[in-house]
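Listed here are the chains, written in short residue letters.
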Amino acid sequence: MTAVDVPLGGPEPLIDPHAHFLTPHTNRGDWARYNRSRLDSGERMGVRCHVASILGSWGYTSPTYFASPRDQSVANDFMYDLVDAEGPRVRAWVAVNPNFTDHALAEIERGLARGAVGIKLAAGRRTTDFAVLDDIAQAAADHRIPVLQHIWQHRRRDWPNQDASDGVELARLAARHPTVTFLLAHIGGGGDWAHTNPAVLDTPNIVMDLSGSGIDRGMIDEALRWVGASRLLWAADLTLCTGLTKLRALAHTGASADDLADMRWRNAVRIFPPGTFDAALAAARAGLP
């Protein structure tokens, strides 16, 4: 590999466990360009696999965080078809709206049959609403798959059009389901990220992703100090540009080479079902695009 061939994110493997794509069933006419841009930019950065979801119609025909059963099924189908088309560089979360519990549980079974590797929960229901969320978490436990939970860091009030949870609330659900790995989404997005670290310190089945639009200096350093590299995953969420910024910041945290590998890809291999990334990483080792 020449210097010209080295990806923007460095030569070591990189897995993005929190990605999104768009469908034609949205209010964005540039959906195809966005999807292609994410794949092309990810290749330039060295992302070997995007583990992605689609949140219904992204607000076009039902609210983003309260997607109708039909909208969510259509979005999941598009996501699974994209996985089939793109091979090992894309894997799917099965996204569900837990307010429609029966539909959500059926979608999980259907998604796993199509190759989904985890459950995506957005902000449709507070994680302390155990009567609804326990069923979803139990499905994850039964199938030994992780749950990616949208989080608003230190939720001090309710926000319109979502029923968001923070780290304290996710920790309560995770404590009820200790065999499930919960991926706490985007410490780099929304609210007081410093509040989250102590909130999840004593809940070892919560790991955190670094995605989100925030790129505060010290954010990653503090997360490393509180929970350690084995519980952190690099991720990008909606935009790869801030993901690249945080990726470059990792090198300045004092993390060891092993810690960097954990956050870049090894933790993802650990929390997802066995074999999820074998083909993608084999291509990386072989120097293939």
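The model shown is predicted, which means the values in this text are computed figures rather than measured ones.

Rules of the game
Just so you know, the residues in each chain are numbered from 1, in the order the chain's sequence is written. Confidence filtering applies because this is a predicted model: local features only for residues at pLDDT of at least 70, side-chain atom pairs given and counted only at 80 or more, and all residues used for totals across whole chains, interfaces and linings. Only hydrogens and water are removed before side-chain values are computed, so all heavy atoms of the structure are retained for them. Helix numbers and strand numbers start at the N terminus; a helix is a DSSP run of H or I with at least 4 residues, a strand a run of E with at least 2. Throughout, the radius of gyration refers to the C-alpha atoms, and the reference size of a globule is 2.2 Å times the residue count to the power 0.38. Buried means the residue's accessible area, taken with a 1.4 Å probe over protein chains only, is under 20% of the maximum for its type, while exposed means over 50%, and partly exposed covers the values in between. Residue contacts are counted whenever heavy atoms from the two residues lie within 4.5 Å of one another. Calculation of accessible area relied on Shrake-Rupley with a 1.4 Å probe; when residues are assessed, cover is drawn exclusively from the protein chains displayed. Residues counted as positive are Lys and Arg, residues counted as negative are Asp and Glu, and His and the chain ends are not counted. Lysine's charge is taken at NZ, arginine's at CZ, aspartate's at CG and glutamate's at CD. Any carboxyl oxygen of Asp or Glu that lies within 4 Å of a side-chain nitrogen of Lys or Arg is treated as forming a salt bridge with it. Note on geometry: axes are C-alpha line fits, over the in-contact stretch for helices, and angles between N-to-C directions span 0 to 180 degrees. Oblique is the label for any angle not under 35 degrees, not over 145, and not in the 65 to 115 range, which are roughly parallel, roughly antiparallel and roughly perpendicular in turn. Throughout, the ten residues Ala, Val, Leu, Ile, Met, Phe, Trp, Tyr, Cys and Pro are labelled nonpolar, Asp, Glu, Lys and Arg are labelled charged, and all others, Gly among them, are labelled polar.

Focus: the overall build of the chain
No. 1: The helix and strand tally for the chain stands at 10 helices and 8 strands.
No. 2: In terms of overall dimensions, the chain is globule-like: its C-alpha atoms have a radius of gyration of 18 Å, near the 19 Å expected for 289 residues.
No. 3: Seen through its C-alpha atoms, the chain measures out along the principal axes to roughly 55 × 40 × 35 Å.
No. 4: A burial count over the chain gives 56% of its 289 residues as buried.
No. 5: The long-range fraction of contacts in the chain, counting pairs at least 24 apart against all pairs at least 6 apart in sequence, stands at 76%.
No. 6: For the chain, the accessible area works out to roughly 12,100 Å², and carbon and sulfur atoms hold 53% of it.
No. 7: Mean positive and mean negative side-chain charge positions of the chain (29 and 33 charges, respectively) differ by 3 Å.

Some points on the pattern of salt bridges
No. 1: As enumerated under the stated definition, the model contains 20 salt bridges in all.
No. 2: Taking the shortest distance from any N to any O, the salt bridge between Arg114 and Asp81 comes out at 2.9 Å. With Arg114 in the loop between helix H3 (101-113) and strand E4 (118-121) and Asp81 in helix H2 (residues 69-86), this residue pair connects regions lying 33 residues apart in the sequence.
No. 3: For Arg114, a relative accessible area of 32% puts it in the partly exposed group.

Here we look at the environment of Gly243
No. 1: Within the secondary structure, Gly243 sits in helix H8 (residues 240-250).
No. 2: Counting along the chain gives 33 residues from Gly243 to Leu210, while the straight-line C-alpha distance between them is 8.1 Å.
No. 3: Setting aside chain neighbours within four positions, we find Gly243 in contact with Met45, Trp234, Ala235 and Ala236.

Quick word on the packing of helix H6 (residues 193-200) against helix H7 (residues 219-227)
No. 1: Where H6 contacts H7, the axes come no closer than 9 Å and their chain directions differ by 10°. Between H6 and H7, the angle is such that the two are roughly parallel. For the pair formed by H6 and H7, the contact residues are Trp193, Asn197, Pro198 and Val200 on the first element and Met219, Glu222, Ala223, Trp226 and Val227 on the second.
No. 2: For the contact of H6 with H7, the per-class residue count stands at 7 nonpolar, 1 polar and 1 charged.

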